[in-house]
Amino acid sequence: MLMKHVTTDPLPSMADIKAALRRIEGAVRTTPVLSDPAANELLGCDLWLKCENLQRAGAFKFRGASNAVARLDETGQIGDVATHSSGNHGAALALAATSRGRHAWVVMPENSVKTKIEAVKHYGGEVIFCEPTPEGREAGLARLVEKGCIPVHPYDYADIICGQGTAVVEFMQQCDGLDVVMTPVGGGGLISGTAIAANALKPAISVIGAEPLGAADTALSIEQGKRVT
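Residues numbered from 1 in each chain as written. Predicted model: local features only at pLDDT ≥ 70, side-chain atom pairs only at ≥ 80, totals over all residues. Heavy atoms only, no water.

Honestly, the overall build of the protein chain in this entry has me stumped. Any pointers?
Looking only at helices and strands, one finds nine helices and eight strands in the protein chain. Taking 17 Å as the expected radius of gyration for a compact globule of 229 residues, we find that the protein chain reaches 18 Å, a close match to that expectation. The contacts in the protein chain between residues at least 6 apart in sequence include a share of 65% that link residues at least 24 apart. For the protein chain, the exposed area adds up to about 12000 Å²; of that, 55% sits on carbon and sulfur atoms. Placing the 21 positive and 25 negative side-chain charges of the protein chain at their respective mean positions leaves the two points 5 Å apart. (Helix = DSSP H or I, 4+ residues; strand = E, 2+ residues; numbered from the N terminus. Rg over C-alpha atoms; globule rule 2.2 N^0.38 Å. Contact = heavy atoms within 4.5 Å. Areas by Shrake-Rupley, 256 points an atom, 1.4 Å probe, with all protein chains shown as cover. Lys, Arg positive; Asp, Glu negative; His and termini not counted. Charge placed at Lys NZ, Arg CZ, Asp CG, Glu CD.)

Next comes the structure, spelled out in structure tokens:
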């Protein structure tokens, strides 16, 4: 999910994440935290799972999308929104947009999973198919922006990062005494918001990003000291 987007936004802060919490209150669900004794025994620790799979639209990405669209309303930016996505962000943006009287256009690779395509449509999004390459996605989004749509980038975007960061704020309120927070790393929106919020609330906490061995571009980038795609 590469996007040639260089943000000029200032780095998000904990104050921005607190503002996002207030902004999306009532729109997002407070998802449950679960633990399993058998897993705890096997791992030798107390493991708590923040069930964002039960979030509206089926993923944490609804938090970021809701915050981004609400911010557009606050700043008086009128118009349709657009993004590119393989599914989850597109569905989240479609739901967030339609909930606030906007239309969402989602550029999706032509080989996207059928259920994810249907989810975007179900939540009111308009799907535009593209070649299954980063360049195809970027070109499709650029055409929509030229037509007047407002881009809502999936991860490299302050309002998205702050919205995603609300998940760990909620998590730490529900589960006191966490020593480590582990979250997946994809585009980087969730891990960015998590790191900002977790360290602001508990500076001694460890934040770990996890990614598949076969797609460990973040780990390789840190190891090599340069961006690895």
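Would you mind going over unusual backbone geometry with me for this structure?
Among all residues save glycine, negative phi is the norm, and among peptide bonds the norm is trans. One non-glycine residue, Ala57, adopts positive backbone phi at about 70°. Locating Ala57 in the fold gives a position in the loop between β2 (49-50) and α3 (61-74).

Quick question: what am I supposed to make of the pattern of salt bridges here?
Pairing between side chains of opposite charge can happen when their charged atoms approach one another. All told, the structure shown has eight salt bridges when counted by the stated rule. Residue Glu74 pairs with Arg23 through a salt bridge whose shortest N-O separation is 2.8 Å. Residue Glu74 is located in helix α3, and its partner Arg23 is located in helix α1 (residues 14-24); the two are separated by 51 residues in the primary sequence. Linking Glu52 and Arg63 is a salt bridge whose minimum nitrogen-to-oxygen distance equals 2.8 Å. Taken together, the residues Glu52 in the loop between β2 and α3 and Arg63 in helix α3 connect sequence positions 11 residues apart. (Salt bridge = Lys/Arg side-chain N within 4 Å of Asp/Glu carboxyl O.)

What should I look at first to understand the sheet that holds strand β6 (residues 150-151) in this one?
Pairing within the open sheet is parallel, and its four strands lie in the order β5-β4-β3-β6. Each edge of the sheet is formed by a strand with only one pairing partner; in this case those strands are β5 (126-130) and β6. Here five bridges tie strand β4 (residues 104-109) to β5, and the two strands are oriented parallel to one another. Looking across to β5, one finds that Val106 is bridged to Val127. (Pairing = 2+ DSSP bridges.)

Help me understand the environment of Glu131 in this model?
Position of Glu131 relative to the elements: it lies in the loop between β5 and α6 (134-146). Exposure remark for Glu131: the relative accessible area of 52% places this residue in the exposed category. Taking the C-alpha atoms as reference, Glu131 lies 5.5 Å from Pro109; in sequence the two are 22 residues apart. If we skip the residues at most four places from it in the chain, Glu131 touches Pro109, Glu110, Gly136 and Arg137. (Buried < 20%, exposed > 50% of the residue type's maximum accessible area, 1.4 Å probe, protein only.)

Sorry, what's going on with the state of the cysteines here?
In protein chemistry, a disulfide is the covalent bond that joins the sulfur atoms of two cysteines. A complete count under the given rule lists zero disulfides for this structure. Cys45 carries a free sulfur, and the closest cysteine sulfur to it, the one in Cys175, is 11 Å from it. You can call Cys45 partly exposed: its relative accessible area is 38%. (Disulfide = S-S within 2.5 Å.)

Which parts of the structure should I look at to understand the nonpolar core?
Membership of the largest hydrophobic core comes to 20 residues, with the highest contact counts inside it found for Phe62, Val81, Leu93, Ala104 and Val152. Those elements that place two or more of their residues in this core are α3 and α4 (88-99). In terms of residue count, α4 provides more of this core than any other element does, six residues in total. Setting aside its immediate chain neighbours within four residues, Val152 contacts Ala68, Val81, Ala82, Thr83, His89, Leu93, Tyr157 and Ile160. Listed in part, the 15 residues of the second largest apolar core include Ala20, Cys162, Val169 and Phe171. (Core = buried A, V, L, I, M, F, W, Y, C linked by side-chain atoms within 4.5 Å.)

This is a description of form; function is not addressed.
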